[in-house]
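# Reading the structure
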Amino acid sequence: MIQSSRVSDELRRVRRRMVERLQHDGLREPRVLAALEAIPRHWLVPEALRAQAYKDAALPIGGGQTISAPSTVAAMTEALQLRGDELVLEVGTGSGYQAAVLGVLAERVISIERLPRLAAEARRALDRLGVRNVVVHLGDGSLGRPNDAPYDAIVLTAGAPAVPEPLLAQLKPGGRLVAPVGPRDGQRLVRIRRQADDKFTREVLGPCRFVDLVGRHGWAA
Ligand code: SAM
């Protein structure tokens, strides 16, 4: 018991140092940094990789997929500009890490994963973390989820050849969509805003590299 509380104190310190490094590297949004400090990433990576959980690196989670690096999760979350009262759609649940971070910062999160094993594991991990405002659905997230639309914010955590049209249609006026878009060997992170007059504006935030978005409006399996 004493030993396990020492371990969790040490992990909290390691997590704090990870957040300080992100801050040093330019991530400034205090709510996002606090959310990263609050979520124990070591519970969302495979047991064999737990010692590496607080390195700023993507790690394999099985099925050829990865949990994104903390700096990537922080940058994408920051780009969504959440205030706390939003309904957010995430495409690509993976480990559930980004979903858990979004759960701290938004009112409700709908997350879609296409691989059954990852969806089941993410649900279990989020349950274990006590995250109650994130729902994980199994399916092709390139189609979005019209039943719960429209969304204040949408984030794709897999690289798409182009922004899927159904996702643009499911974004609220004033909403933001953040996605890696471009060829399979390297994308650009883009932020799209739907204006009040239903026009879309597009900003390029920088280069990135993600696993494929596989689906009707993504890459072929
Ligand atoms: N957000 C994740 C996290 O925090 O661990 C990282 C996601 S990983 C880089 C990308 C995920 O997108 C993979 O789990 C992959 O199976 C999933 N994916 C790819 N295409 C998808 C689709 N059409 N619909 C839903 N999930 C998809």
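Residues numbered from 1 in each chain as written. Predicted model: local features only at pLDDT ≥ 70, side-chain atom pairs only at ≥ 80, totals over all residues. Heavy atoms only, no water.

Once that is clear, we can look at the site of the ligand. If you check the shell around the ligand, you find 27 residues, and the closest are Ser95, Gln98, Glu113, Gly141 and Val214. Measuring from an oxygen atom of the ligand, one finds a side-chain N or O atom of Glu113 at 2.6 Å. Thr157 is positioned with one of its side-chain polar atoms (N or O) 3.2 Å from a nitrogen atom of the ligand. Its free accessible area being 600 Å², the ligand has 99% of it covered by the protein chains. Counting only elements with at least two residues in the shell around the ligand, the list comes to β2 (65-67), α4 (97-105) and β4 (108-113). Looking at the shell around the ligand element by element, the count peaks at 3 residues for β2. Class assignment of the residues belonging to the shell around the ligand gives a composition of 9 nonpolar, 13 polar and 5 charged. (Near = heavy atom within 4 Å. Polar contact = N/O pair within 3.5 Å; in protein donor to acceptor, adjacent residues only side chain to side chain. Areas by Shrake-Rupley, 256 points an atom, 1.4 Å probe, with all protein chains shown as cover. Helix = DSSP H or I, 4+ residues; strand = E, 2+ residues; numbered from the N terminus. Nonpolar A, V, L, I, M, F, W, Y, C, P; charged D, E, K, R; others polar.)

Under the definition given, this model contains 0 aromatic pairs. Sitting over the ring of Tyr97, Arg41 keeps its end group 5.4 Å from the ring centre. The positively charged end of Arg128 is found above the aromatic ring belonging to Trp43, 4.2 Å away from the centroid. (Phe/Tyr/Trp six-rings, centres within 6.5 Å; stacked < 30°, edge-to-face > 60°. Lys NZ or Arg CZ within 6 Å of the ring centre and 35° of its normal.)

The next thing to look at is the nonpolar core. If you look at the biggest cluster of nonpolar residues, it comprises 46 residues, and the most contacted ones within it are Leu36, Leu82, Tyr97 and Val101. Those elements that place two or more of their residues in this core are α1 (2-24), α2 (30-38), β1 (59-62), α3 (70-80), α4, α5 (116-129), β5 (134-138) and β6 (151-156). The biggest single contributor to this core is α4, with 6 residues. Ignoring anything within four residues of it in the chain, the contact list for Val101 reads Ala35, Leu36, Ile39, Val73 and Thr77. By size, the runner-up hydrophobic cluster in this structure holds 20 residues, among which are Ile112, Val163, Val190 and Leu213. (Core = buried A, V, L, I, M, F, W, Y, C linked by side-chain atoms within 4.5 Å. Buried < 20%, exposed > 50% of the residue type's maximum accessible area, 1.4 Å probe, protein only. Contact = heavy atoms within 4.5 Å.)

Attention now moves to the sheet that holds strand β8 (residues 187-194). Two strands in a sheet stick together by hydrogen bonds in their backbones, pointing the same way (parallel) or opposite ways (antiparallel). Spatial strand order, β5-β4-β3-β6-β7-β8-β9: 7 strands in an open sheet with mixed pairing. If you trace the sheet from one side to the other, it starts and ends with β5 and β9 (200-208), each paired once. Going from strand to strand, the sheet's axes swing by 15° on average, the running direction of each strand aside. The pairing of strand β3 (residues 87-91) with β6 spans 4 bridges and is parallel. Counterpart to Leu89 in the pairing with β6 is Ile154. Running over the sheet, α5 touches β4 and β5 and is turned about 165° from β5. (Pairing = 2+ DSSP bridges. Axes fitted to C-alpha atoms, helices over the stretch in contact; angles between N-to-C directions.)

The next subject is the pairing of β9. Within a regular beta strand, the side chains point alternately toward one face of the sheet and then the other, so they alternate between its two faces. Both β8 and β9 contribute to a ladder of 8 bridges, which runs antiparallel. Residue pairing in the sheet places Arg193 in a bridge with Thr201 of β9.

In this sheet, β2 lies alongside β1 in antiparallel orientation, the contact comprising 3 bridges. Looking at the pairing, Leu59 lines up with Ile67 of β2. Linking β1 to β2, which pair antiparallel, is a turn of 2 residues; within it Gly63 sits at a positive phi near 65°.

Attention now goes to the pattern of salt bridges. Using the criterion set out here, one finds 16 salt bridges in the structure. One salt bridge connects Arg117 with Glu121, and the closest N-O pair in it is separated by 2.7 Å. Highlighted residues: Arg117 and Glu121, both in helix α5, separated by 4 residues, approximately one helical turn. The exposure class of Glu121 is partly exposed, given its relative accessible area of 34%. Glu203 is the partner of Arg193 in a salt bridge, and the nearest nitrogen-oxygen pair spans 3.7 Å. In this pair, Arg193 sits in strand β8 while Glu203 sits in strand β9, placing the two residues 10 residues apart along the sequence. Glu203 sits in the partly exposed class, given a relative accessible area of 30%. Each of the salt bridges in this network shares a partner with another, and the network as a whole consists of Glu10, Arg13 and Arg17. (Salt bridge = Lys/Arg side-chain N within 4 Å of Asp/Glu carboxyl O.)

Keep in mind that these numbers describe shape and distance, not what the molecule does.
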